[in-house]
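# Chains, contacts and geometry: an overview
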Amino acid sequence: MTRNLILGAVLSSLVLLLAALSFIWTPFDHAAMNIPGKLQTPNAQHWLGTDHFGRDLMSMIMVGARTSIAVALVAVGIGMGAGVPLGLAAAARKGSWLDELIMRGNDLVFAFPSLVIAILITAVLGAGAVNAIIAIGIFNIPVFARITRGAALSLWEREFILAARVAGKGSARISAEHILPNVMNLLIVQGTIQFSLGILAEAGLSYVGLGAQPPTPSWGRMLADAQTMVSFAPHLALVPGMAIILTVLGLNLLGDGLRDYLDPKLRVARA
């Protein structure tokens, strides 16, 4: 295994562990306010310090991790669940009206920045984690559709696909039994990348007040709350900022490592 894969797996596993642990234990109640103990720097009692309401930052980071992971994971699931079938259908009907319809729809979505689309959707539907999931998931659909179509097109002219056609298999069956298994490695790698982008998008939406709503902690909202206090309490911004950086870095390294590990051509080249 490559260094990127190992380091990415360690960082990603650490975040997942903190998120899972938050369901059964946190150092303090993440919503409990203690005004006399506000703005404490990291110490033996509060490992990452406290915020302007005296809430324990470590507890908020742990609960915020599960919020970010849940939003990004479900959003990627929506993208894959809808985008992959669309991409397979477009590749199977290359040049047809269905292919044109799917790809022009993708172009329409890609014409706008993802965060702008997410802001528009959440502004219409209302702020909240569920609507953030919908917004991020909708943008993931054309990403997976385009990736799947591009990978599938290169397979439709292969000999084993021609043999399946001769055997009397239809396009839908060939896509499910032969095309999809051969593009799954690429989809897994892309999934990790979109997962990291989903965490960034959730943080961005929460930063502008359109993501998870209080009292549910969110890394983006923690950054928004800290922006006016950076000069005298920099740890309020550093803690959630580093959480986002390390999580996204870990997922990107994991995706890069999985690409090297799953792609036989890259394995041979590195060897």
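Refer to the structure printed above.
Reference entry: report on the structure contained in this document. What you see is a predicted model; the values in this text were computed from it and never measured. (Residues numbered from 1 in each chain as written. Predicted model: local features only at pLDDT ≥ 70, side-chain atom pairs only at ≥ 80, totals over all residues. Heavy atoms only, no water.)

## Some remarks on the nonpolar core
Let me state the cut-off plainly: The term nonpolar core refers to a set of buried residues drawn from Ala, Val, Leu, Ile, Met, Phe, Trp, Tyr and Cys, joined through side-chain atoms within 4.5 Å. Relative accessible area decides the class of each residue, using a 1.4 Å probe on protein chains only: under 20% of the type maximum gives buried, over 50% gives exposed, and in between gives partly exposed. Only runs of H or I of at least four residues qualify as helices and only runs of E of at least two qualify as strands under DSSP, and these elements are numbered from the N terminus. Residues count as neighbours in contact if any of their non-hydrogen atoms are within 4.5 Å of one another.
One finds Trp156, Ile179, Phe195, Ile199 and Trp219 to be the most contacted residues of the largest nonpolar core, which totals 38 residues. Breaking this core down by element, the ones donating at least two residues are α1 (3-21), α2 (57-92), α5 (129-153), α6 (159-166), α7 (171-207), α8 (219-226) and α9 (235-262). When residues in this core are grouped by element, the largest group, eleven residues, is from α2. Discounting residues that sit within four places of it in the chain, phenylalanine 195 has contacts with Ile69, Ala72, Leu73, Val76 and Leu251. Grouped together as the second largest cluster of nonpolar side chains are 14 residues, Ile117, Ile121, Ala135 and Val143 included.

## Some remarks on the environment of proline 240
Structurally, proline 240 is set in helix α9. Residue classification places proline 240 among the buried residues on the basis of a relative accessible area of 0%. Taking C-alpha positions, proline 240 is 6.5 Å from methionine 222, a pair spaced 18 residues apart along the chain. Among all residues touching proline 240, those that are not within four sequence positions of it are Ile61, Trp219, Met222, Leu223 and His235.

## A short note on the packing of aromatic side chains
Stated formally: Aromatic pairing here means that ring centres of Phe, Tyr or Trp (its six-membered ring) are within 6.5 Å. Orientation follows from the plane angle: under 30 degrees is stacked, over 60 is edge-to-face, and everything else is tilted. Note on criteria: charge over ring means Lys NZ or Arg CZ within 6 Å of the ring centre, with the direction from the centre no more than 35 degrees off the ring normal.
A complete count under the given rule lists two aromatic pairs for this structure. Pairing tryptophan 25 with tryptophan 47 gives two aromatic rings, centres 6.4 Å apart and planes at 45°, and the pair type is tilted. Of this pair, tryptophan 25 sits in the loop between α1 and α2 while tryptophan 47 sits in the loop between α1 and α2, and the two are 22 residues apart along the sequence. The class of tryptophan 25 is partly exposed, set by a relative accessible area of 40%. Taken together, a centroid distance of 5.9 Å and an interplanar angle of 90° make the contact between phenylalanine 110 and phenylalanine 139 edge-to-face. Placement of phenylalanine 110 in helix α3 (residues 97-110) and of phenylalanine 139 in helix α5 is noted, with a sequence separation of 29 residues between them. The ring of phenylalanine 23 has arginine 66 sitting right over it, with the charged end atom 4.6 Å from the ring centre.

## Re the packing of α1 against α9
Put simply, the rule reads: Lines are fitted to the C-alpha atoms to define the axes, a helix being fitted only along its stretch in contact, and any angle between axes, read from their N-to-C directions, falls within 0 to 180 degrees. Angle categories: roughly parallel below 35 degrees, roughly antiparallel above 145, roughly perpendicular from 65 to 115, and oblique for all the rest. In this scheme, a crossing is called left-handed if the near helix is turned counterclockwise away from the far one by less than a right angle; it is called right-handed if the turn is clockwise.
With their axes 7 Å apart at the nearest point, α1 and α9 run at an angle of 140° to one another. Taken together, α1 and α9 sit at an angle that is classed as oblique. Considering how the two elements wind past one another, α1 and α9 form a crossing that is left-handed. Contacts between α1 and α9 involve Asn4, Leu5, Leu7, Gly8, Ala9, Leu11, Ser12 and Val15 from the first element and Leu246, Thr247, Leu249, Gly250, Leu251, Leu253, Leu254, Asp256, Gly257, Leu258 and Tyr261 from the second.

## Let's talk about a nonpolar patch on the surface
To be explicit about the condition: In this analysis, a patch consists of residues with relative accessible area above 30% that form no salt bridge, clustered at 9 Å for like charges and at 5 Å for the nonpolar side chains Val, Leu, Ile, Met, Phe, Trp and Tyr. For the accessible areas, the method is Shrake-Rupley and the probe is 1.4 Å, while residue cover comes only from the protein chains on display. Salt-bridge detection follows one rule: a side-chain nitrogen of Lys or Arg within 4 Å of a carboxyl oxygen of Asp or Glu.
A cluster of nonpolar side chains, namely Val124, Leu125, Val130, Ile134 and Ile138, defines an oily patch on the protein surface of about 450 Å² accessible area. Among the secondary structure elements, those contributing two or more residues to the nonpolar patch are α4 (114-125) and α5. Per-element accounting of the nonpolar patch gives the leading share, three residues, to α5.

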